[in-house]
Amino acid sequence: GQTNLKSPQDLQVYIVNTNFTLRWNYTGNDTNVTFAAEYQLLEGFETNDTEWKELPGCQNVTDTECDFSSAITEYYDRHHVRIRAERGEEVSPWSSIFEMTPYFIAQIGPPGIELQSTNGVIKIKVSPPEANQVRKMWIAHVRFKYNLVIWENSSNAEFRSQSIFPTDIIDDLAPETTYCLKVQATLPLDFQEGLFSPIRCVKTTRKVNDLFCATNVSVLALNMKFHLHWKNQYKQHVSYSVQYLLGYLKKLHDDYSMKWQNVPGCENITETQCNFSSIITNTAGFYYLRVQAVNEYNKSCLSNDVKVDPLIANEIGPPGVKLDIGDVLLHIQISPPGGSETEVMRDHYGLSYRVLYWKNSPNNEEEMNMKEIKQTIGTVSDLTPSTLYCVKVQAFSEAYNKSSPFSKEECIKTPGDKVLPLIILATFVTALIAVLLVATPVIFALYQAYNKIKYVFFPSCQPPLNIEGFGEQLFSSPYMSTTEEPIENCCIIETIITEEVNQIDFKDYKHSKQSSRDSGNYSNDDDTSGSKVSEETLEKEIV
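Values in this document were obtained by computation on a predicted structure and should not be read as measured data.

Helix and strand content of the protein: seven helices and 33 strands. Taking all 543 residues of the protein together, the buried fraction comes to 34%. Carbon and sulfur atoms make up 52% of the accessible area of the protein, which amounts to about 34900 Å² in all.

All right, on to the nonpolar core then. One recurring pattern in soluble globular proteins is that nonpolar side chains are buried together. Formed by 48 residues in total, the largest nonpolar core has its most connected members in L22, L55, F68 and I124. The biggest single contributor to this core is strand β15 (residues 178-187), with five residues. For this core, the domains that each give at least three residues are domain 1 (9-104) and domain 2 (112-204). Grouped together as the second largest cluster of nonpolar side chains are 47 residues, C213, C274, V380 and Y389 included.

Moving on: the pattern of salt bridges. For the coordinates displayed, the defined rule picks out eleven salt bridges. Between R84 and E86 there is a salt bridge, with its nearest N and O atoms 3.3 Å apart. Its salt-bridge partner being R206, residue E176 comes within 3.7 Å of it at the nearest N-O pair. With a gap of 30 residues between them, E176 in the loop between β14 (167-170) and β15 and R206 in the loop between β17 (200-203) and β18 (215-222) connect regions that are remote in the sequence. For E176, a relative accessible area of 49% puts it in the partly exposed group.

Where strand β26 (residues 320-325) and strand β27 (residues 330-335) come together, six bridges link them in antiparallel fashion. Following the sheet pairing, G320 is matched in β27 by S335. Linking β26 back to β27 in an antiparallel pair, the connection comprises four residues.

Let's shift gears to the sheet that holds strand β1 (residues 9-16). The four strands lie next to each other as β5-β2-β1-β9, forming an open sheet whose pairing is mixed. Looking at the sheet topology across the chains shown, the edges are occupied by β5 (65-67) and β9 (106-107). Taken together, the two bridges between β1 and β9 define a ladder with parallel strand orientation. Residue V16 lies in a different strand from β9, and its bridge partner there is Q107.

Here we take up the packing of aromatic side chains. Inspection of every chain in the model, using the stated rule, returns 14 aromatic pairs. Measuring from ring centre to ring centre gives 5.2 Å for Y349 and Y400, while their planes differ by 70°; the resulting arrangement is edge-to-face. One end of the pair, Y349, is in helix α3 (residues 343-349); the other, Y400, is in the loop between β31 (388-397) and β32 (402-403), and 51 residues separate them in sequence. According to the relative accessible area criterion, Y349 is buried, its value standing at 2%.

This brings us to the sheet that holds strand β19 (residues 225-231). Ordered by their spatial adjacency, three strands build an open sheet running β18-β19-β22, and the pairing between neighbours is antiparallel. Here the strands that pair on one side only, and so sit at the sheet edges, are β18 and β22 (273-275). Direction aside, neighbouring strands of the sheet carry axes that sit 15° apart on average. One ladder, built from six bridges, connects β18 with β19; its direction is antiparallel. Bridge pairing links V219 to L228 in β19.

Approximately 1300 Å³ is the volume found for the second largest pocket. Going through the elements one at a time, β10 (112-118), β11 (121-127), β14, β18, β23 (287-295), β24 (300-302) and β25 (306-308) are the ones with two or more residues in the lining of the second largest pocket. Of the domains in this structure, domain 2 (112-204) and domain 3 (215-313) are the two that each give at least three residues to the lining of the second largest pocket.

Taken together, the side chains of L425, F428, V429, L432, I433, L436, L437, V438, V442 and L446 define a hydrophobic patch exposed on the protein surface, amounting to about 990 Å² of accessible area. The topology assignment puts L436 in helix α4 (residues 419-457).

Time to look at the confidence of the model for the protein. Per-residue confidence for the protein averages 82 on the pLDDT scale, and 80% of its residues sit at or above 70. Confidence drops under pLDDT 50 across residues 493-543; counting only partners more than four residues distant or on other chains, this segment forms 23 contacts.

Reading guide: rules and limits
- Residues numbered from 1 in each chain as written.
- Predicted model: local features only at pLDDT ≥ 70, side-chain atom pairs only at ≥ 80, totals over all residues.
- Heavy atoms only, no water.
- Helix = DSSP H or I, 4+ residues; strand = E, 2+ residues; numbered from the N terminus.
- Buried < 20%, exposed > 50% of the residue type's maximum accessible area, 1.4 Å probe, protein only.
- Areas by Shrake-Rupley, 256 points an atom, 1.4 Å probe, with all protein chains shown as cover.
- Core = buried A, V, L, I, M, F, W, Y, C linked by side-chain atoms within 4.5 Å.
- Domains from an automatic or database assignment.
- Salt bridge = Lys/Arg side-chain N within 4 Å of Asp/Glu carboxyl O.
- Pairing = 2+ DSSP bridges.
- Phe/Tyr/Trp six-rings, centres within 6.5 Å; stacked < 30°, edge-to-face > 60°.
- Axes fitted to C-alpha atoms, helices over the stretch in contact; angles between N-to-C directions.
- 1 Å grid on protein atoms, 1.4 Å probe; cavity = no way out; pocket = protein on both sides within 12 Å on 5 of 7 lines; lining within 4 Å.
- Points joined across faces, edges and corners; volume = space filled by probe spheres on them.
- Patch = residues over 30% accessible without salt bridge, like charges linked within 9 Å, V, L, I, M, F, W, Y side chains within 5 Å.
- pLDDT = per-residue confidence, 0-100.
- Contact = heavy atoms within 4.5 Å.

So this is what it looks like as structure tokens:
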């Protein structure tokens, strides 16, 4: 059971696409030694109790590496690999186990490239890694991103790196110059970078400049209104058609040259600008635009492509502002840039607002105050009465690092101070109440005195002149009770008084009057009836 063979060491597995290579080190000086490897496939949560199997392609190997690509088909499961040295019937102990999950240690292979030099540019077509293989480690080829490194084939060359699509054009090159390049495929989401393709070199041609071609193609966008502008150096008649391509088509490895479409309303025009807002239906994607020019000889020329990412290319315009003064607050109402109909501005940019406000004093020394709000309604407190306040607002988006110009200044004057008028009104009301409280008893007392004086000196009914003295004798009688209230009795005597009145014996009258009073006290009602009896007696006596 004893052996002099040493175990292999430093076991490693190298994977490029679906190509598997096992490598190791052997420090023994033995001759005629071969190597044999075994592996385990651990599916799910299986342990090391799984049966070991011979690793195809790695049996009786005389070198320190072997290819076992045909043995592995499960790229997302764990595998164990081990190896030992053999010489006839003699074997060494197994090496330490190497554990791997193929997909996580695999390296992306180099892509294939095709080059074409034409009209001063280089057209390149990239094939994904494993393009011609049946079994693939990388299934979703559309996820690949490609990095290009290009340089002039000279001793003092400068390397230039850029991202390219599977089918792309490399411009900004010097004419009749040899350029060398290489391409690398990457998977950014998996943080994986592949191997570069073999270096390819190509010589550029001289570019033919047609004067009627559209140049300096650019995009101007404000509040989701998109316009394409270009320049024309040709003095003769030229018509233009603006074409667009959905951005995702360039990510595919298919030929997209026949998938360009004309922008509605921008076909066969003579102006050097066009509104293409109608094609921007998805702000999450991006678009490519180009201008096709046709001269009077029906010869056409295509401009360079311009990439349009709507939310990045668009600029934010100033918001609208309306002011209103409340009792103690300045109310600021903000309209989103572009008006209420451009919901994209509000929903996709997540707009906030920067509000500047200040007192518009003659000396212009007042400090500006600023506040940031996310709503379209803001307020300012601690206002000074009878003061002109001015406001301007700026919209900004933190997510896209964009901001608008400030809106036009809007000013409004606060109402005057209401404290002094309230104090004056309160003082007046208090004084009025005090005057009423004092004047009411005085007026009432004067009114009562007036009634007494009028009653005493100006009675409402006076007796005739011929009986004034009689009245005085009647009411001055010593037999009248002091508790009785005087009752004013008036009558009209229609009988003609003759001279015989002077002959009436008043003694008999006084005697009868005294007799009637001796009968006792009278009530008010009896007094009235008594008065009537006295009147009747007096009348009879006079007659």
